Amino acid sequence: MSQASQIQQLKPAPGLPPQSAADISDTVAIMLARLRTGREDAARDYARRLDGTDRPPEITPEALVTAQRRLPVTLVEDIAYAHANIRAFAEAQRASITEFETELRPGLFAGQTLIPLGCAGAYVPGGRYAHIASALMSLTTARAAGVENVIACTPPGAEGPHPAILHAMHVAGVDRVLAMGGVQGIAAMALGLFDLPEADILVGPGNAFVAEAKRQLFGPIGIDMVAGPTDSMILADATASAQTVALDLVSQAEHGGNSPVWLVTTHRPLAEAVLREVPRIIATLPEPNRSAAAEAWAALGEVMLAESREAMAAQADLYAPEHLHVQAADPDWWRGRLRAYGSLFLGAETTVAFGDKAAGPNHVLPTGRAARYTGGLSVHKFLKCVTWQRVEEQALPDLAGASAGIAQAEGMEGHARAAEARLPLGRARSPRAAAGA
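Reference entry: report on the structure contained in this document. The model shown is predicted, which means the values in this text are computed figures rather than measured ones.

### Here we look at the overall build of the chain
(1) Moving on: Looking only at helices and strands, one finds 16 helices and 15 strands in the chain.
(2) Moving on: Overall, the C-alpha framework of the chain stretches about 85 × 65 × 45 Å when taken along its three principal axes.
(3) Moving on: The buried share of the chain, reckoned over its 437 residues, is 48%.
(4) Moving on: Taking the intrachain contacts of the chain between residues at least 6 apart in sequence as the baseline, contacts between residues at least 24 apart amount to 72%.
(5) Moving on: Carbon and sulfur atoms make up 54% of the accessible area of the chain, which amounts to about 20,500 Å² in all.
(6) Moving on: Within the chain, the 46 negative side-chain charges are centred at a point lying 3 Å from the centre of the 37 positive side-chain charges.

Here you go:
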């Protein structure tokens, strides 16, 4: 039986109207070209026109320190709690990969060295929502990796960046911050504008223009990933609560009208109850959350009925969701079976909202089925895992001979001669190498 025959669509997704990615790409290319030549003047001009501010973009160290005074004590405590979890998880990730040296054969040594990047640039969104958690996720992880310079940009807002974002940046250990959004903020970190060090890697979520700017800059500069709209899937069986499942779907749909949410279940009564509950919950949200969630659910929400838990798992692997939440019996089976997700949430006691805000694992994750081949942002993104080798004389005859033999078979005579030149004195060289010596 095919996988498709084991899945019944109870609510298909009609999709959003076609949008032109070419327009975004062209706009970003023009902006980056102007920012490369016009530098700070161009960035200030875009800030005036797009961010709506003439204020100097530099956030002073004093402003970072004093931002805490503008926050409720409970929020300061919440930020400290989340930061401690994120830092502990990132430090555990760092400890999971080590440097080593091994002797492959007598006299042939090789190993790996871990080198933190020199400068990481984090983009922290601050438009519709104040992305406090994004500041913690990106900056704390870079610090745990040992990055020397950690810089950030965030939109300026009408009266400056949200104080909670600034406080979170300070807690996470940021070195420099610019109040500058969009493409101009990304370019400022990439090009070293306003006396910033040039970023070796750009990380953090953002809108379509931010994602496209990162994509176009990638190559000489690293990026975490080319991220699209957030997406989430729930796998649920008869043990799940319809109200909990519906609330979890809505909580992710409120990210924006282009954020898909999916439910796959083996239990028809649950699916039908969720279909009734979701619109009811959406109607209780404030604006703009309500409109965003309603649009996402109408255009991109799906409810699927599966014949078995294996069919559910296969559907999850096919969709490769950014967030995958299992609300079903036997969590160990699911953890061992599932193969394609950005982050996995096991049990009804957890929720993607925990992962988005405070649990510890990073919330910068692959979207748009990219979880088929990559994980999310981690300490490892901020480390170069490089290799080295060292050869002693006893290894040379076999190593040089094998290298020269392969090189000659490939037609790369220069490589063959370079290899054979390392042969110990008294070792006969091939006629070809000797003739070229």
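### Comments concerning the sheet that holds strand S13 (residues 323–327)
Sheets are built from strands that pair by backbone hydrogen bonding, the pairs being arranged parallel or antiparallel.
(1) Moving on: The strand order across the open sheet formed by 6 strands is S1-S12-S11-S10-S13-S14, and the pairing between neighbours is mixed. This sheet does not close on itself; its edge strands, each paired only once, are strand S1 (7–11) and strand S14 (343–346). Across this sheet, the average inter-strand angle for adjacent strands is 20 degrees, counted without regard to direction.
(2) Moving on: Bridge analysis of strand S10 (residues 232–236) against S13 gives 5 bridges, and the strand direction is parallel. Bridging from a neighbouring strand, leucine 235 pairs with valine 326 of S13.
(3) Moving on: Along the sheet, helix H9 (residues 268–283) contacts S1, S10, strand S11 (261–265) and strand S12 (302–306); its crossing angle with S1, the most-contacted strand, is approximately 25 degrees.

### Focus: the pattern of salt bridges
(1) Moving on: If you walk through the whole model with that rule in mind, you get 17 salt bridges.
(2) Moving on: Arginine 215 is paired through a salt bridge with glutamate 212; the nearest N and O atoms lie 2.6 Å apart. Of this pair, arginine 215 and glutamate 212 both sit in helix H7 (residues 208–217), separated by 3 residues, roughly a single helical turn.
(3) Moving on: Three or more residues joined by partner-sharing salt bridges are found here, namely Arg34, Asp45, Arg48, Arg49 and Asp54.

### A short note on the packing of aromatic side chains
(1) Moving on: Counted according to the given criterion, the structure contains 2 aromatic pairs.
(2) Moving on: Aromatic pair tryptophan 262 and tyrosine 319: ring centres 4.9 Å apart, planes at 85 degrees, arrangement edge-to-face. Of the two residues, tryptophan 262 is situated in strand S11 and tyrosine 319 in helix H11 (residues 309–319); the sequence distance between them amounts to 57 residues.
(3) Moving on: Looking at arginine 34, its charged tip hangs above the ring of tyrosine 46, at a distance of 4.9 Å from the centre.
(4) Moving on: Its guanidinium or amino end placed over the ring of tryptophan 333, arginine 309 lies 3.9 Å from that ring's centre, counting from NZ or CZ.

### Here's the deal with the sheet that holds strand S9 (residues 222–223)
(1) Moving on: In space, the 6 strands of this open sheet follow the order S2-S7-S6-S5-S8-S9, with mixed pairing throughout. Each having just a single partner strand, strand S2 (58–59) and S9 make up the two edges of the open sheet.
(2) Moving on: Two elements, S2 and strand S7 (residues 176–179), share 2 bridges in a ladder whose sense is antiparallel. The residue of S7 that forms the bridge with isoleucine 59 is valine 177.
(3) Moving on: Its contacts with the sheet put helix H6 (residues 182–191) on strand S5 (119–123), strand S6 (149–154), S7 and strand S8 (201–203), and the angle it makes with S5 is roughly 170 degrees.

### What about the nonpolar core?
(1) Moving on: Core analysis: the biggest nonpolar cluster contains 40 residues, and Leu136, Leu139, Val147, Met169, Val174 and Phe382 have the highest contact counts within it.
(2) Moving on: For this core, the elements supplying multiple residues, two or more each, are helix H3 (73–95), S5, helix H4 (132–145), S6, helix H5 (163–172), S7 and S8.
(3) Moving on: Among the elements that line this core, the one with the most residues is H4, at 7 residues.
(4) Moving on: Excluding residues that lie within four positions of it along the chain, methionine 169 makes contacts with Val124, Ala135, Leu139, Ala152, Thr154, Val174 and Val177.

### Details of the environment of leucine 71
(1) Moving on: Looking at the secondary structure, you find leucine 71 in the loop between helix H2 (61–66) and H3.
(2) Moving on: Sequence-wise, leucine 71 and proline 220 are 149 residues apart; in three dimensions their C-alpha atoms are separated by 39 Å.
(3) Moving on: Not counting residues up to four positions away in its chain, the partners in contact with leucine 71 are Val76, Pro163, Ala164 and His167.

### What about unusual backbone geometry?
(1) Moving on: At the junction of glutamate 287 and proline 288, the peptide bond is cis and its omega measures out at 5 degrees in the coordinates.
(2) Moving on: Among the secondary structure elements, proline 288 is positioned in the loop between H9 and helix H10 (289–300).
(3) Moving on: The phi torsion at phenylalanine 194 lies on the positive side, around 55 degrees, for a residue other than glycine.
(4) Moving on: For phenylalanine 194, the position within the fold is in the loop between H6 and S8.
(5) Moving on: Residue classification places phenylalanine 194 among the buried residues on the basis of a relative accessible area of 4%.
(6) Moving on: Although it is not a glycine, alanine 320 adopts a positive phi angle of roughly 45 degrees.

Definitions and cut-offs
Residues numbered from 1 in each chain as written. Predicted model: local features only at pLDDT ≥ 70, side-chain atom pairs only at ≥ 80, totals over all residues. Heavy atoms only, no water. Helix = DSSP H or I, 4+ residues; strand = E, 2+ residues; numbered from the N terminus. Buried < 20%, exposed > 50% of the residue type's maximum accessible area, 1.4 Å probe, protein only. Contact = heavy atoms within 4.5 Å. Areas by Shrake-Rupley, 256 points an atom, 1.4 Å probe, with all protein chains shown as cover. Lys, Arg positive; Asp, Glu negative; His and termini not counted. Charge placed at Lys NZ, Arg CZ, Asp CG, Glu CD. Pairing = 2+ DSSP bridges. Axes fitted to C-alpha atoms, helices over the stretch in contact; angles between N-to-C directions. Salt bridge = Lys/Arg side-chain N within 4 Å of Asp/Glu carboxyl O. Phe/Tyr/Trp six-rings, centres within 6.5 Å; stacked < 30°, edge-to-face > 60°. Lys NZ or Arg CZ within 6 Å of the ring centre and 35° of its normal. Core = buried A, V, L, I, M, F, W, Y, C linked by side-chain atoms within 4.5 Å.

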